Amino acid sequence: MSVLRINNHTFYPYLVHKDRRPTNLCLLSSNNYLSNGFLVAKDHLYPNKPKSSKIYACFATYLEFYLWMRYLPSIERNFYEIIHMGPQKPHFDIDIEVFDKDGKLKSKGVTLDNFMEIGTATRNNLLAACIELFGEYGHSLTYSKFVITDSSTNNKYSCHVIIDENFHHNEKDAKEFYNLVVAKMDKSFQSYVDHAVYGKNQQFRLLGHNKINKTKVKRVDPVTTWQPSEDCSDENIFQLRLF
């Protein structure tokens, strides 16, 4: 493996240096890493390999990435933001798959006829739990602060929920907030809210992007009432919806 150049920007095959990985192939060990930069991962298919891998890059700012990325063809827009420790907005990932990898029903009671209904009910219960928890600590939280994105398919409900204009100190605080919120949810919905998205260097697909060789693009859910507090240029809306 080696570093790659895509539209004059350097991408690395590894993010973190460990085991026998050469340091010159690891983004976080390279001279291109900026401690306050915007880190991204990208789906990449190497020649003669059946499955895609991630490659990694650092941009100085959200805006620099946005301006660079918009010249790529849509088929190449399969990027993920890397939350590299530090401040991050409260966020949740709801996933409800109808079938497992063997084609069998994955969860009891979830079928093609009702998975979207269950997903919507889970999302609404999650929002109510967030509002209730904020209220217990003397803070007001309105539906206009929720940014809800959707990338569901015909057999999977997939939704990200972000609370705008609020930040945790780090991933540990984000996980603790998750625990407090889920504890307030109806038990029948709790298992659908992913608990494993609060680690270091967590990756979330960017708005308007799709997975490699997939056509489903991550979009803002029409149920979202959120509006940006700044001007509505493409660049600012793109920034405001990131973690």
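Our subject in this report is the structure included herewith. (Residues numbered from 1 in each chain as written. Predicted model: local features only at pLDDT ≥ 70, side-chain atom pairs only at ≥ 80, totals over all residues. Heavy atoms only, no water.)

### As for the packing of aromatic side chains
Each pair of aromatic rings is reported with the distance of its centres and the angle of its planes. All told, the structure shown has 13 aromatic pairs when counted by the stated rule. The interplanar angle of 50 degrees and the centroid separation of 5.1 Å between the aromatic rings of phenylalanine 59 and tryptophan 68 together place this pair among those described as tilted. Judged by relative accessible area, phenylalanine 59 falls into the buried class, the value being 1%. For tryptophan 68, a relative accessible area of 12% translates into the label buried. Between phenylalanine 65 and tryptophan 68, the ring centres sit 6.1 Å apart and the planes meet at 35 degrees, which makes this aromatic pair tilted. Here phenylalanine 65 pairs with tryptophan 68, and both are found in helix 1 (residues 62–69), just 3 residues apart, close to one helical turn. Phenylalanine 65 sits in the buried class, given a relative accessible area of 0%. (Phe/Tyr/Trp six-rings, centres within 6.5 Å; stacked < 30°, edge-to-face > 60°. Buried < 20%, exposed > 50% of the residue type's maximum accessible area, 1.4 Å probe, protein only. Helix = DSSP H or I, 4+ residues; strand = E, 2+ residues; numbered from the N terminus.)

### Quick look at the sheet that holds strand 6 (residues 91–97)
On the basis of which strands lie adjacent, the open sheet formed by 4 strands has the order 6-8-7-10 and antiparallel pairing. Since the sheet does not close on itself, it has two edges, and those belong to strand 6 and strand 10 (219–220), each with one partner. When strand 7 (residues 146–150) meets strand 10, the two strands line up antiparallel, connected through 2 bridges. Paired with threonine 149 across the strands is valine 220, a residue of strand 10. Contacts from helix 2 (residues 115–136) reach strand 6, strand 7 and strand 8 (156–163) within the one sheet, and its direction differs from that of strand 8 by about 15 degrees. (Pairing = 2+ DSSP bridges. Contact = heavy atoms within 4.5 Å. Axes fitted to C-alpha atoms, helices over the stretch in contact; angles between N-to-C directions.)

### Digging into the pattern of salt bridges
The full count for this structure, using the stated rule, is 9 salt bridges. One salt bridge connects aspartate 95 with lysine 156, and the closest N-O pair in it is separated by 3.8 Å. With aspartate 95 in strand 6 and lysine 156 in strand 8, this residue pair connects regions lying 61 residues apart in the sequence. According to the relative accessible area criterion, aspartate 95 is partly exposed, its value standing at 26%. A salt bridge links glutamate 132 to lysine 184, with the nearest nitrogen and oxygen atoms 3.7 Å apart. One end of the pair, glutamate 132, is in helix 2; the other, lysine 184, is in the loop between helix 3 (171–183) and helix 4 (187–190), and 52 residues separate them in sequence. In this structure glutamate 132 comes out as partly exposed when scored by relative accessible area, which is 42%. What makes lysine 184 partly exposed here is its relative accessible area of 28%. (Salt bridge = Lys/Arg side-chain N within 4 Å of Asp/Glu carboxyl O.)

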